[in-house]
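Architecture at a glance
Here's the letter readout for the chains.
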Amino acid sequence: MTVCESDSGLCWNLDEETLARAILTFCLNTADALMTALLKGTADAWEALTLIRDSDPELRTSAGAGKVIEQAFCIGMTRWGSKPTPQAVRSFRSALAKWQQRLRTLPTWDRDYLCGWFTMEGRQWIIAPHDVWWPTRLNDLALLGRCAPPLCLWGSGDRAALTSCPQPVGIVGSRGVNEYGRRLTTDIAVHAAQAGHLVVSGGAMGADAAAHRGALDAMRAYGIGRAGRTVAVFAGGLNHAGPQCNSELFDGIAENGGALVSELCPGTIPEARRFLSRNRIIAALSSTLVVTQARLRSGALNTVNWGNELQRDIHAVPGNIDMPGNSGCNRLIQEQRATIVCSVADMDDVWHAPHPPESFHDVATQRKDGSDCDVGTPRDAGILRDSSPSGGNRSSAMTESQRAIIDAIRWCRRRRIAPTAQSVAEQLRTRSGEKGLETGATEGKPTEGKSTEGKSTEGKSTEGKGADAVPERGMHELVAHVLSQLGTMELIGLITVENGRISIVPEIGGRRRS
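These remarks concern the structure in this document. (Residues numbered from 1 in each chain as written. Predicted model: local features only at pLDDT ≥ 70, side-chain atom pairs only at ≥ 80, totals over all residues. Heavy atoms only, no water.)

**As for the sheet that holds strand β3 (residues 169–172)**
- With mixed pairing, nine strands are arranged side by side in an open sheet as β1-β2-β6-β5-β4-β3-β7-β8-β9. Only two strands of the sheet have a single neighbouring strand rather than two, namely β1 (125–127) and β9 (339–340). (Pairing = 2+ DSSP bridges. Helix = DSSP H or I, 4+ residues; strand = E, 2+ residues; numbered from the N terminus.)

Next comes the structure, spelled out in structure tokens:
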């Protein structure tokens, strides 16, 4: 979404790629992996949209377009690591017919009208994966192989909130929490926000609302420049954000540096199935996920399932075994699917070091330098396929993290070790004293936090290794970092992932094969 000024402080001048992704989202009922496969088989979203329109049998705008779009889908499936079976092609044809039927209801193809229509005349903003505000953790969803990451995000409030913290804290629980659950949820959210961490939840009644209110309480006490922000993720269009009893809370989030976001177009009704899709976004946005109180059949446990698949750090608050409202959390702890939370203060050892929220300027500066950026092209270029300079060497456009991961993949292949996220992370840890790997949060900056000896290194580079060296970290954290980087690298065409195995995309004539 192009940055510009308007009387309301909002902007609805969408670039070509973002507008195309908004139209493609309009074609869907909910997240669709078939659409993601099509996008992986095309140069950009506009090409995918053009193929969908041209292959519509009622429009007949281009002969042979049906075969072309099926070929693009098969290519995308292959790039995504799946075999384009006849059954998959049949499913794609069925989905394509529904997309085309929906596309015919688009009110117009006038660009200016659509920009205003999709943004509610500037009352909402839209961001896409090539924007500086895009939270790159969402890209991890594509690594699951069966799950579609959002095509774009609608939002209100401050979009910079999404990138204000390198390792956000997700806090979820049941709508029907009791006073015990509500108090602990608020305390944990206050504690997280006091440390500058972004608090992510779902905006619902009960635990979600308590989490958002806790973050806002910390912001009122410490100020917007010091306390962490909060983001609410919704299961329908933002003009249907609910429940209505939380409308004042939503206004407070948007007015105090936070954001309300949804992957769905304005006007989309928040149906039950869409809440399950929403949960995957909460899990993907979070680095640490805390369940404060939940029944056995609570939707919060669905968020936990997504978090486990994404290798997020899961924690659960125990409760009275005689109360059904605690049975979900107690079961998670019993089955060792979550770590027990014994006290709010203990969470300091769980999430990363305290920090002030990153401003938009900080994020924009990082991504212009290439770190944590999905695409190196200008934001209004609308092309995701080739971000390297024409005719240039792609290694010069890679970040230090990406170069280190490429080297680790090659090392694994030379020794006939299957290059997976785990084996790459193990190799990076082994070689941490020899080569640098910047963390996603501090790429190109001095290392902050704790050294391997437990001594503070804030404002200093790792001793004897320079600012780009790898700090010692837990294996789980390093694997999570590698997964995040692999998602970005796959999106820009540096690597492919098939059945968990990583392959480097070869270069042809100084440019990678597209």
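**Things to note about unusual backbone geometry**
- A cis amide bond, omega 10°, links G242 with the succeeding residue P243.
- In this model, Q311 sits at a positive phi of 60°, which is unusual for a non-glycine residue.
- Here Q311 lies in the loop between α11 (299–309) and β8 (313–316).
- You will see that Q336, though not glycine, has its phi angle at about 60°, which is positive.
- Tracing the chain through its elements places Q336 in the loop between α12 (327–334) and β9.

**What about the packing of aromatic side chains?**
- If you walk through the whole model with that rule in mind, you get seven aromatic pairs.
- A ring pair is formed by F73 and F92, whose centres lie 4.3 Å apart and whose planes are at 10°; its orientation type is stacked. You can see F73 sitting in helix α4 (residues 65–79) and its partner F92 sitting in helix α5 (residues 86–103), a full 19 residues away along the chain. Note on accessibility: F73 and F92 belong to one class, buried.
- On the accessibility criterion, F92 (0% relative accessible area) is buried. (Phe/Tyr/Trp six-rings, centres within 6.5 Å; stacked < 30°, edge-to-face > 60°. Buried < 20%, exposed > 50% of the residue type's maximum accessible area, 1.4 Å probe, protein only.)

**Side note on the pattern of salt bridges**
- A full pass over the atoms with the stated rule returns 13 salt bridges.
- Among the salt bridges present, the one from D56 reaches R104, with a minimum N-O distance of 2.8 Å. Of the two residues, D56 sits in the loop between α3 (45–54) and α4 while R104 sits in the loop between α5 and α6 (111–118), which places them 48 residues apart along the sequence.
- Looking at D56, the relative accessible area reads 3%, which means it is buried.
- Connected via shared salt-bridge partners are D56, E58 and R104. (Salt bridge = Lys/Arg side-chain N within 4 Å of Asp/Glu carboxyl O.)

**A few points about α11**
- For α11, every residue scored as buried is listed here: A300, L301, N302, T303, V304, W306 and G307.
- Along its buried surface, α11 packs onto β3, α10 (272–285), β7 (288–291), β8 and α12.
- Immediately beyond the C-terminal end of α11, within one or two residues, lies Q311, with a positive phi of roughly 60°. (Contact = heavy atoms within 4.5 Å.)

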